[in-house]
Amino acid sequence: MKSEFIETLINRVSCGRLTQPAPSKEHMDLLFQAALRAPDHKGLKPWQYLVYSGSNALCELGEAFLKASVAQDPELPLDKQQRMQSLPHRAPMVVIAVAKNNGHEKVPHIEEVVSTGAGVQSLLLGAYELGYGAYWRTGPLAYNERLKPLLGLEADDTIVGFIYLGTPEITMKAKPIPEVKDFVTWK
Ligand SMILES: Cc1cc2nc3c(=O)[nH]c(=O)nc-3n(C[C@H](O)[C@H](O)[C@H](O)COP(=O)(O)O)c2cc1C
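Position numbers for residues start from 1 in each chain and track the written sequence from start to end. Only residues with pLDDT of at least 70 get local features here, since the model is predicted, and only at 80 or more are side-chain atom pairs given and counted; chain-wide, interface and lining totals rely on the full set of residues. The side-chain values count all of the structure's non-hydrogen atoms but skip hydrogen atoms and water molecules.

### Observations concerning the overall build of the chain
Stated formally: Note on conventions: DSSP H or I runs of at least 4 residues are helices, E runs of at least 2 residues are strands, and numbering of each starts at the N terminus. Within these notes, the globule rule equals 2.2 Å times the number of residues to the 0.38 power, and the radius of gyration is based on C-alpha atoms. Exposure is judged per residue with a 1.4 Å probe applied to protein chains only, and the accessible area is read against the type maximum: over 50% gives exposed, under 20% gives buried, and values in between give partly exposed. The contact criterion used is simple: two residues touch if any of their non-hydrogen atoms lie within 4.5 Å. Where accessible areas are quoted, they stem from the Shrake-Rupley method and a 1.4 Å probe; at the residue level, only the protein chains shown are allowed to cover. His is not counted, nor are the chain ends, whereas Lys and Arg count as positive and Asp and Glu as negative. A charge is said to be at NZ when it belongs to Lys, at CZ for Arg, at CG for Asp and at CD for Glu.
Regarding its fold elements, the chain presents six helices and five strands. In the chain, the succession of α and β elements from N to C terminus is α-β-α-β-α-α-β-α-β-α-β. Its C-alpha atoms give the chain a radius of gyration of 18 Å, within 12% of the compact-globule value 16 Å for 187 residues. Seen through its C-alpha atoms, the chain measures out along the principal axes to roughly 55 × 45 × 35 Å. The proportion of buried residues among the 187 residues of the chain is 39%. Look at the contacts in the chain between residues 6 or more apart in sequence, and 80% of them connect residues 24 or more apart. Within the structure as shown, the chain displays about 11200 Å² of accessible surface, and the carbon and sulfur contribution to it stands at 55%. A gap of 4 Å separates the mean positions of the 20 positive and 21 negative side-chain charges of the chain.

Right under this line is the structure:
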């Protein structure tokens, strides 16, 4: 028997066409509470979430994207520079999910990254359940080492994703569910 919760897990979809309003502060607090209950080896709490909400903050993020891109490739054509600067404006809110590197002897950093990813999935599911649209992106900027200091991050932090959030501009349709037997082996 399917519960509503399981239905949400199965039916969640991403939405890349996002408009105003962004999720409310109250709703974001709930979504972060969900994200902060991600499974966490040794209780290291390796998560950091940076929230860019509203025009000024998104412009600030666009400046950082531009600076990091040009620092990495000083020959970057002007149209690509403009695109980098405009990326954050695809949604009214962008959350950057970061995995800190605690350097614990028994917890390799990959586990901190996976834990942060689990938190992101909770955030996406919660946003979907509350009627918002969300889209997890990475792309070259997530791996551009010049970006981290511009965001106040440490060199050994991992940017797990840029989570674009807002109100869906289009109807979010459920997607076909992959065949369980194609991915699961029972022994
Ligand atoms: C770690 C990670 C990074 C991703 N980065 C991108 C990205 O940069 N651009 C993109 O179009 N989709 C990216 N995706 C995929 C989308 O978030 C989304 O999952 C995909 O379009 C499938 O849609 P669905 O979630 O509705 O099944 C990424 C997904 C993950 C897990």
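### Quick word on a nonpolar patch on the surface
Convention followed: Residues with no salt bridge and a relative accessible area higher than 30% make up the patches, which join like charges within 9 Å and nonpolar side chains (Val, Leu, Ile, Met, Phe, Trp, Tyr) within 5 Å. The rule for a salt bridge is simple: a side-chain nitrogen of Lys or Arg has to be within 4 Å of a carboxyl oxygen of Asp or Glu.
A surface patch of nonpolar side chains, amounting to about 460 Å² of accessible area, comprises F5, I6, L9, I10 and I177. Of note, L9 is situated in helix α1 (residues 4–11).

### Notes on the site of the ligand
This is how it is decided: Proximity criterion: a residue is near a molecule or strand once any of its heavy atoms comes within 4 Å of it. Under the rule applied, a polar contact is a pair of N or O atoms within 3.5 Å (in protein, one hydrogen donor and one hydrogen acceptor; residues adjacent in sequence only if both atoms are side-chain atoms).
All residues in the neighbourhood of the ligand are listed as R12, V13, S14, Y135, W136, R137, T138, G139 and K175. Interatomic distance of 3.0 Å between a backbone N/O atom of T138 and an oxygen atom of the ligand. At 2.7 Å, a side-chain N or O of K175 approaches an oxygen atom of the ligand. When the ligand sits alone it has 620 Å² of accessible area, and the protein chains cover 56% of it.

### Structural notes on the confidence of the model for the chain
Formally: Across the chain, each position has a pLDDT score giving the predictor's confidence in that residue, from 0 to 100.
Chain-level statistics for the chain give a pLDDT mean of 97 and a share of 99% at 70 or above. No element of the chain has a lower mean pLDDT than α1, which averages 95, and none a higher one than strand β3 (residues 93–99), which averages 99.

### Considerations on the pattern of salt bridges
Summed over all chains, the structure comprises five salt bridges. As a salt-bridge pair, K148 and E145 come within 3.0 Å of each other at their nearest N and O atoms. Residue K181 pairs with D182 through a salt bridge whose shortest N-O separation is 3.4 Å. Each of the two residues, K181 as well as D182, counts as exposed.

### Observations concerning the nonpolar core
How we decide: The term nonpolar core refers to a set of buried residues drawn from Ala, Val, Leu, Ile, Met, Phe, Trp, Tyr and Cys, joined through side-chain atoms within 4.5 Å.
I96, L147, L151 and F162 are the most contacted members of the largest nonpolar core, which totals 25 residues. Elements supplying a minimum of two residues to this core: β2 (47–53), α3 (55–72), β3 and β5 (158–168). Excluding residues that lie within four positions of it along the chain, F162 makes contacts with F65, V94, V95, I96, Y135, W136, R137, T138, L141, A142 and L147. Counting residues in hydrophobic clusters, the runner-up holds 21 residues, among them W47, A99, L123 and V160.

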